[in-house]
Amino acid sequence: MQGPHHIEYPPGSPQYRSLSSGGTVREESTMVVPLRAGGALMGLVTFLRTAPSVFDRGEIELADELVIRTAVCLDNARRFTREHTAALTLQRNLLPQHLPAQSAVELAYRYLPSDERTGVGGDWFDVIGLSGTRVGLVVGDVVGHGLQAAVTMGRLRTTVRALARLDLSPDELLSRLDDLVGQTAEEQAATVGPDAGPDDVATGVTCLYAVYDPVSRRCTMARAGHLPPAVVDAEGGLYFPDLPVGPPLGLGGLPFESLEIELPAGSLIALFTNGLVEGRDRDVDEGLAILGRVLSDHRRPLDELCIHTLAELLPDGPAVDDSALLLVRTRELDARQVAAWELPAEPAAVGKARERATGQLLEWGLEELSYTTELVVSELVTNAVRHASGPLHLRLLRDRTLLTEVSDTGHTSPHLRHSASDDEGGRGLFIVAQLVQRWGTRYTPYGKTIWTEQAFPPHYPGAPRPAGRRA
């Protein structure tokens with residue numbers, strides 16, 4: 001298709017006079033009619049006759065009708081193009097275009113909307129880096145198509161990322177998301193009024209959230225009305241975890257339950273939406289069986305496996321519902337990247353913790369971080385001794401950054417605050433926060449963990465690639 005080109009009309013020509021006057025110009029064998037849409041001039045339509053003859057009234061009216069219809073069609077096409085471009089831009093901004101590399105997993109993913117007109121839909125997926133080298137895996141589905149479903153999807157994806165950063169367990173995260181979806185549905189219904197159609201209010205949201213830990217090789221997951229993931233172990237055994245169902249989001253009042261499974265390094269997890277396995281002429285069980293056959297070739301590169309999966313399940317593209325697929329191959333953090341100690345909850349533990357930490361940094365060639373790490377360890381262990389009971393645990397992780405963790409049996413988290421000039425304490429955590437890149441708290445059924453993250457020195461070779469298996 002040729003690009004636009006510049007056209008000039010000589011002064012005195014019918015086209016020139018029509019542009020100048022804004023009206024129809026008639027000459028012998030020639031008639032020029034302005035092409036307008038919404039009062040704006042879009043161009044000119046020129047009617048020519050080979051034989052000399054003046055256009056009569058009927059022909060003029062016919063020409064006007066043809067030009068009006070043409071203007072409406074062109075304006076609709078232009079508007080559709082503009083809306084389609086805006087919809088695609090929205091979809092690109094709402095879905096991840098590039099997922100950063102994670103030490104815990106290897107990734108590949110695909111998204112196919114069923115709405116060919118707008119190219120957007122309500123399915124989504126995400127991979128979220130968490131503290132302690134863990135990773136959060138998300139896949140969800142908003143019932144419906146088009147912009148309304150995409151906007152709701154974008155709100156939910158942003159909320160899931162925010163909740164995941166709080167290190168909530170999968171069942172707790174879904175509970176909070178359930179509250180948000182219920183409130184959003186009520187707000188939308190109140191906004192659009194009683195005459196709203198089914199496309200005006202987004203209802204019916206399913207979600208699956210999982211957290212994988214490459215140190216323990218444990219994966220904890222929960223689902224809200226969503227299909228369970230497919231898991232292929234390192235030896236090729238396929239199964240669908242017996243994950244408690246949980247209601248779709250937004251219903252409220254019903255609990256969600258988590259399931260924890262062990263995943264040896266090299267295991268494959270497939271998270272997907274129902275549009276991938278369900279079709280007009282195929283039920284879910286048949287689709288899951290096809291997916292299982294495809295995933296049996298689990299040693300293929302993940303991108304190839306994505307392509308093969310879509311070719312088998314959606315050879316003609318999604319016909320009924322949007323489709324999202326997230327393939328994850330688990331890794332395991334090498335034992336040489338992890339150092340952990342149990343300490344008694346007594347004052348003497350502070351000195352022991354500093355000694356263990358600095359000795360480990362010397363072994364790793366990270367002496368430059370010893371001073372900061374000593375301050376971090378001293379503050380966190382001291383707080384644990386003062387405010388918690390039971391044994392303490394200190395752990396250092398050498399990944400893409402240096403992670404320092406102190407765990408205890410308490411559930412009260414220290415708060416960052418500015419101490420007054422006459423305060424005898426309260427400055428330790430504030431100082432720690434200024435020395436590290438990030439810090440935070442995550443809770444477990446047995447207590448809490450305070451963690452910090454430090455960048456490596458500029459000359460340090462950086463985090464080693466995780467080994468496939470423990471040495």
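Reading the values: rules and limits
Residues numbered from 1 in each chain as written. Predicted model: local features only at pLDDT ≥ 70, side-chain atom pairs only at ≥ 80, totals over all residues. Heavy atoms only, no water. Helix = DSSP H or I, 4+ residues; strand = E, 2+ residues; numbered from the N terminus. Expected span 1.5 Å × (residues − 1). Buried < 20%, exposed > 50% of the residue type's maximum accessible area, 1.4 Å probe, protein only. Arc of directions from axis to C-beta. Contact = heavy atoms within 4.5 Å. pLDDT = per-residue confidence, 0-100. Polar contact = N/O pair within 3.5 Å; in protein donor to acceptor, adjacent residues only side chain to side chain.

Before going further, it helps to examine helix α7 (residues 302–313). In a regular helix each residue adds 1.5 Å, so 12 residues correspond to 16 Å; α7 covers 16 Å between its end C-alpha atoms and thus fits that length. For α7, the full list of buried residues reads Leu302, Leu305, Cys306, Thr309, Leu310 and Leu313. In a view along the axis of α7, the buried residues occupy a sector of 130 degrees, so they form one face of it. Looking at the buried residues of α7, the elements they touch are β4 (105–112), β12 (268–272), α5 (274–277), α6 (284–295) and β13 (323–330).

Below, the discussion takes up the confidence of the model for the protein chain. This prediction gives the protein chain a mean pLDDT of 84; 84% of its residues lie at or above 70. Within the protein chain, the element-level pLDDT minimum falls on helix α4 (residues 170–192), averaging 76, and the maximum on β12, averaging 97. The low-confidence segment residues 196–202, where pLDDT is below 50, has 12 contacts with residues more than four positions distant or belonging to other chains. Ignoring residues within four places in sequence, the model shows residues 419–425, a span with pLDDT below 50, making seven contacts including any to other chains.

As a further point, take the environment of Arg438. With respect to the element layout, Arg438 can be found in strand β17 (residues 438–444). A residue is classified by how much of its surface remains accessible, and Arg438, at 37% relative accessible area, is partly exposed. Each C-alpha atom of the pair Arg438 and Ala455 lies 9.7 Å from the other, and the pair is 17 residues apart in sequence. A polar atom in the side chain of Arg438 sits 2.7 Å from the side chain of Glu453.

Unlike most non-glycine residues, Ser29 shows phi in positive territory, near 75 degrees. Within the element layout of this structure, Ser29 appears in the loop between β1 (25–27) and β2 (30–37). Among the residues examined, Ser29 registers a relative accessible area of 11% and is labelled buried. Non-glycine residue Arg217 carries a positive phi angle of around 60 degrees. Position of Arg217 relative to the elements: it lies in the loop between β7 (205–213) and β8 (218–224).

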